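Overview (structure and organization)
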Amino acid sequence: MPMPPVPDGDNPAQSPEAPVVAASTSLKPLHIRCEDGSVLEVEKMDLPRQLKHVLREMDLDNSGVVDEKNFEDSLKILRHLRHGLDTDGSGHVTHQEMEDGVSLLTLLMEEKAKNSNEMPYKHLPEQIQ
């Protein structure tokens, strides 16, 4: 699933492996709410374009403001993702575990898009299969 473009003033030619990001007038300004209640505008901050994109993705409710709750929610998601991908229980996600997880997610999204009644169960624990 493609992520929404993040406007920035960087020259995409400086980073050939980075996707070209088109400025979009439909994206509202993104702000970070600090602990003291002050608000910072992300686009005015001297941050790498990729970090600005990550911050935009953390705005799960599309409010235009990333706050402490957004950070906590994102960390919870990452912890669950790591736990779910670490199929051998080593505490680390291997390249193969990541590939398997992405393949499974892709398959599940395709089935959902088709509104299929068929659902693969190979990813579930043996007791449930």
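Structure: see above.
Sequence positions are assigned chain by chain, starting from 1 and proceeding in written order. Local features in this predicted model are restricted to residues whose pLDDT is 70 or higher, and side-chain atom pairs enter the listing and the counts only when it is 80 or higher, whereas totals over whole chains, interfaces and linings include all residues. Just so you know, side-chain values use all the structure's heavy atoms and leave hydrogens and water out.

**Some details on the pattern of salt bridges**
We define a salt bridge as a contact between a side-chain nitrogen of Lys or Arg and a carboxyl oxygen of Asp or Glu at a distance within 4 Å. Counting across every chain of the model gives three salt bridges. When the shortest N-O distance is used, the salt bridge between Glu41 and Lys44 registers 3.7 Å. The partner of Lys52 in a salt bridge is Glu43, and the shortest N-O contact between them spans 3.9 Å. Between buried and exposed lies partly exposed: a residue is buried under 20% and exposed over 50% of the maximum accessible area for its type, with that area taken using a 1.4 Å probe on protein chains only. Given the relative accessible area of 9%, Lys52 is considered buried. A residue is classified by how much of its surface remains accessible, and Glu43, at 27% relative accessible area, is partly exposed.

**Considering the sheet that holds strand β1 (residues 31-33)**
Two strands are said to pair when DSSP picks up at least two bridges between them. Segments assigned H or I by DSSP are reported as helices when at least four residues long, segments assigned E as strands when at least two residues long, and all are numbered from the N terminus. On the basis of which strands lie adjacent, the open sheet formed by three strands has the order β2-β1-β3 and mixed pairing. Of all the strands in the sheet, just β2 (39-41) and β3 (65-66) have a single pairing partner and so form its edges.

**A word on unusual backbone geometry**
Unlike most non-glycine residues, Asn62 shows phi in positive territory, near 55°. Its location among the elements puts Asn62 in the loop between α1 (49-58) and β3.

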